[in-house]
Each structure stands twice: as structure tokens, then as C-alpha cells.
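Results of the structural survey
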Amino acid sequence: MGIRDRLTRLLAEAPADAEAIEHQGNWWAWGQVRATARGVDETLTAAGLHTGARVGVVLENRPEHIAVVAAVIASGRCLVMLSPLQPAARLAADISHCVPPVVVCGTEVLARAGILDAVTAHGGLALELAAHGTVRAVGGCAPTKAAANPGVAVEMLTSGTTGPPKRVHLRIGQLDQALVSGGQTPKGDRLLSPSASLVATPLVHIGGLWRALACLATGRRMILLPRFTVDEWVSAVERHRLRAANLVPAAIRAVLDAEVPKARLSGLQVVTSGTAPCPPELADAFFHTYGIPVLVTYGATEFAGAVAGWTLDLHRRWWDRKAGSAGRAFPGVELRVTGENGAELPVGRTGRLEVRTEQSTRGGGAWVRTSDLARIDADRFVWIDGRADDAIIRGGFKIQPETVKRVLETHPAVREAAVTGLLDPRLGEVPVAAVEVEPGRTEPQTAELVALCRTELTPYEVPAYILVLAALPRTPSSKVSRVDLLDLVEASRAREELR
């Protein structure tokens, strides 16, 4: 049974009083989820949006939003992801760019400047989703001809894009295979499970969505956090005696830094970690502190989740010899490494990692080239050796330097900006920047550049450090030298520490 059929059955048959989603100390029962999903479905049908129709959802980590996801996917419509994490102006631009005929928003998001206008500007209909789960039209009109994206279940946002937000079109078969590969299938014909799972990452990103769908696919109760904090994560693990939970590398570091008592995590058997590379020394530190193995995974939005990783059996047998590896290919996944000419490279050689799987947007018959440099050893473990593009991974969030660069260059005193990633022991990488001052202009203060970034960027995109320079360092070909830029940043930070 695929996820679409599974959701349809849950919405029809789950006992009304059965616990479904815990959020901020309160439980949503399946009756509440069903009522919200039914209200959404009826409203969309009345608006002329049937199977295949695109439905925009500004997706927050809230129970009523889970109900919307279930309603849209179960009905065969296409869920168009919109991120509430970005500033209002960027969200409005995103809506205007992808033009879904209907956009579902929480009350607070819909009240942000420009959001309602962005929905109605192209003849769209805005639906307000209240915290208790009711939905009502608040602006615009029902589209006379709803745009459709047949065969696509989710237009999924990737992290960090240049220009208009990039979307990956995920087929329902991709979601099904991703759940099967990750072992997220129900046992027998059981509808609900007494166990629980924790969702602490944003639903609007593939990691959060996959974990929410995994709960629904297996019938487990969902513990939904608005966002990750050490206290709330530990509390959920402890209260529900969770046997497995997920932490991105930055969160693993945060738990260690908080010196959480071992007894509070005593029920955990494993922690999974994906989204960003997890240094082996960090995984080892967590294991030595708590006796809990960290099972690293590797995946991408384009594959609807992880395609390789560690299992508990692999960890017991191989970790001492293979620490630092991303694990082995999951069932139904093939991996290979190729050179620049596309030819497969020998065992142990570094090149571009390619993936063939039904989880791919291109189906199971085509090899898909990733942006990652990797090697595969004789024991079939894959090792990620870096990225072929310039993306910065900050605590699991992907940042495109060009996005930050463009914002800095909107300042009237900035002639040119450069952005690169700086290694960070807690977050993996952080963006740092330098700006070249426009001749004849007053040198901008770092504080005003940071304030500009905070206005126009998501919080994780804001540079951790900004240098103001008379001239950017350059290579002989006149390109900005990122190596020299990092040296300047390090030197500047060292001088500040001496003051």
C-alpha cells in the first residue's frame, strides 16, 4: 500500500479519539485531523481543484498543516511547498513566481505584508487555516481553470536557490520508494501503532516532510516540534521513551554542549543524522558520551530522502574501520562514481557521485549525476569528499553564496560582494562575506550590512562575519580569490580576539 492509499485509509478509518499528533504539550486526535482534512478537501473541490490540481501551502510545523498535507496527497492533488521561514517579501515573490491557483496559509503568515496581494494578484484564492483547523476563503476568487501538475505529488523546495526558488517535482512513486528504502512500512495490516516518532526539522524541507510521512505510513503517533531546541527534543525523547530519533550534526553538537544527562536519553537505541555531513569525531563523541550510535545517511531533495546510509548492523560490524563513510546504498538504489567524461571510475577513485533509483525524479532507469564528489571503496561504502558546486551547508541548511551576494550588493555603498563557506566546529560551515566599497562612498558599517541581510534573507543565510574592504582579493584572472578571502577573515577574527 503506497502513501496515497495509506493516507486515504487513515483519514477514513482511524478511530476519532486515537492520538495522532502532539504539539506543544497538546494532542490532536485523529478526529481533529480528519475534520481539518475534510474541510480542506471540500473547499478545494468547491473551488474547482480536482485530481492533479496544484495547491500552494505555506507549510508550518503545526498539526493542522499535517492535516492539509494528508488531504492534498490523499486526494491526488499536487502539494506546492511554500516556506514560512523566509522574509515576507521573498515569500510573496515566491508565490508570484510559482502561481498556485489556491494558497493555504496560517493566520499569522497570511497577515504578513504583501502575502494576500501576492496570492490574489494572479487571480488566485487565499485560504486561511486557523490554529484549531478550520479553513476559510479570505481573498481572491475560485479559479475558472485550475492549473494542474498531473503525476506530481509534491513540488518540493530545495534549500538555497539562485533567482526564483527552485522546486523539485516529486512523483508519488518516489515518495513510496523513499519510504520503503528507509524501512518505513506498516507491520501487517495494522492501521495505527502505539509507538511514537519525533519530527523536529522544518516540514517545508525534505527531511521534515519525509519524517512526517514516515509517521503516517507506519501509523505511529507524531511528536511535532515547532523547531528544534535541545530542551524540547530531550523532553520528547524522555517522555515517550523513544527508541530512535533524528539529529542533524549541528543538533548533535548542541546536545553534547548542553551536557544532557545520560539517563534522560537512556531509552534511545539509535540516532540518525542526515541533511549535512556528520564528522566521524562528532558521531564518536555522541556514542562515547551516551552509548548511542549515530547512523549517518546521505540523500537529496531530488531523491525524496536518503539513498544511502548506516544501519545498526553495519555500525556494529564496520564503524571502527569505516567511520566517516556515508554508509552503503539502500535497497533499490545503485551508486557509481564517474569522471568528467562520464565514464565510471575504478574502486577508490574520487569523482562525481551518480545515483540510479526509483526515488529519482527521472525514474529507476536513468543515472542521475549529483553535485557531490565521492569515492566507493571495495566494501561498497561511499565516502563523500566534497561538493562540485559552491553551496554552503550550515547546520543542515543549504545556502547559495550568490543569493547572499546579491543582497549585499543592493547596499548603495557596496560595489561588489563575495561570499564563501568557513569551516565551523558546531555547524559544519558558516557563510562569511566581504564587500568592496564603491569609490567615493562612505564605508558602510558591518552592523548595517548585517541588518540588511536579516531583512532580506532567512536567518541561516545571514553571514556569520562580514569584512569591509577597499578591494576584494583577486586571482590573476581577476576573479575573487576565496582562499585569500578566508585568510583575511581568519586574520581579522584573530585580531579581534586579541583586543
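This text goes with the structure placed above it.
Residues numbered from 1 in each chain as written. Predicted model: local features only at pLDDT ≥ 70, side-chain atom pairs only at ≥ 80, totals over all residues. Heavy atoms only, no water.

The next thing to look at is the side chain of Thr458. Residue position: Thr458 is located in the loop between α14 (446–456) and β25 (465–469). At a separation of 2.8 Å, a polar atom in the side chain of Thr458 contacts the side chain of Glu461. Sequence-distant contacts of Thr458, that is, excluding residues within four places in its chain, are made with Leu85, Gln86, Pro87 and Arg90. (Helix = DSSP H or I, 4+ residues; strand = E, 2+ residues; numbered from the N terminus. Polar contact = N/O pair within 3.5 Å; in protein donor to acceptor, adjacent residues only side chain to side chain. Contact = heavy atoms within 4.5 Å.)

Taken as a whole, this structure holds 24 salt bridges when the rule is applied. Linking Asp189 and Arg9 is a salt bridge whose minimum nitrogen-to-oxygen distance equals 3.2 Å. One end of the pair, Asp189, is in the loop between α7 (172–181) and β10 (196–199); the other, Arg9, is in helix α1 (residues 3–13), with 180 residues separating them in the sequence. Accessibility expressed as a relative area gives 60% for Asp189, which makes it exposed. With its nearest N and O atoms 3.7 Å apart, the salt bridge here joins Arg316 to Asp313. With Arg316 and Asp313 both in helix α12 (residues 312–322), this residue pair falls 3 residues apart, about one helical turn. Relative accessible area serves as the criterion here: at 62%, Arg316 is assigned to the exposed category. Here the salt bridges share partners, and the residues they tie into one network are Arg9, Glu13 and Asp189. (Salt bridge = Lys/Arg side-chain N within 4 Å of Asp/Glu carboxyl O. Buried < 20%, exposed > 50% of the residue type's maximum accessible area, 1.4 Å probe, protein only.)

To continue, consider the nonpolar core. For soluble globular proteins, the rule of thumb is that nonpolar side chains tend to be buried together. Trp30, Met81, Val154, Leu175 and Met222 are the most contacted members of the largest nonpolar core, which has 63 residues in total. If sequence neighbours within four positions are ignored, Trp30 has contacts with Leu10, Leu11, Ala14, Pro15, Ala16, Ala18, Glu19, Ala20, Leu192 and Leu216. Ranked by size, the runner-up nonpolar core spans 51 residues in total, among them Val230, Ala236, Cys278 and Leu467. (Core = buried A, V, L, I, M, F, W, Y, C linked by side-chain atoms within 4.5 Å.)

Turning next to the sheet that holds strand β4 (residues 78–82). Taken in spatial order, the 7 strands make up an open sheet running β7-β6-β5-β3-β4-β8-β9, and their pairing is mixed. In the strand order of this sheet, the two ends are held by β7 (135–140) and β9 (167–171), each with one partner. Averaged over all adjacent pairs, the angle separating strand axes in this sheet is 25°, with direction ignored. Relative to β9, strand β8 (residues 152–157) runs antiparallel, the two being bridged by 5 bridges. Within the sheet, the bridge partner assigned to Val152 lies in β9 and is Arg171. Strands in contact with helix α3 (residues 63–74) are β3 (54–58), β4, β5 (102–106), β6 (125–129) and β8; relative to β3, the strand with the most contacts, it is inclined by about 170°. (Pairing = 2+ DSSP bridges. Axes fitted to C-alpha atoms, helices over the stretch in contact; angles between N-to-C directions.)

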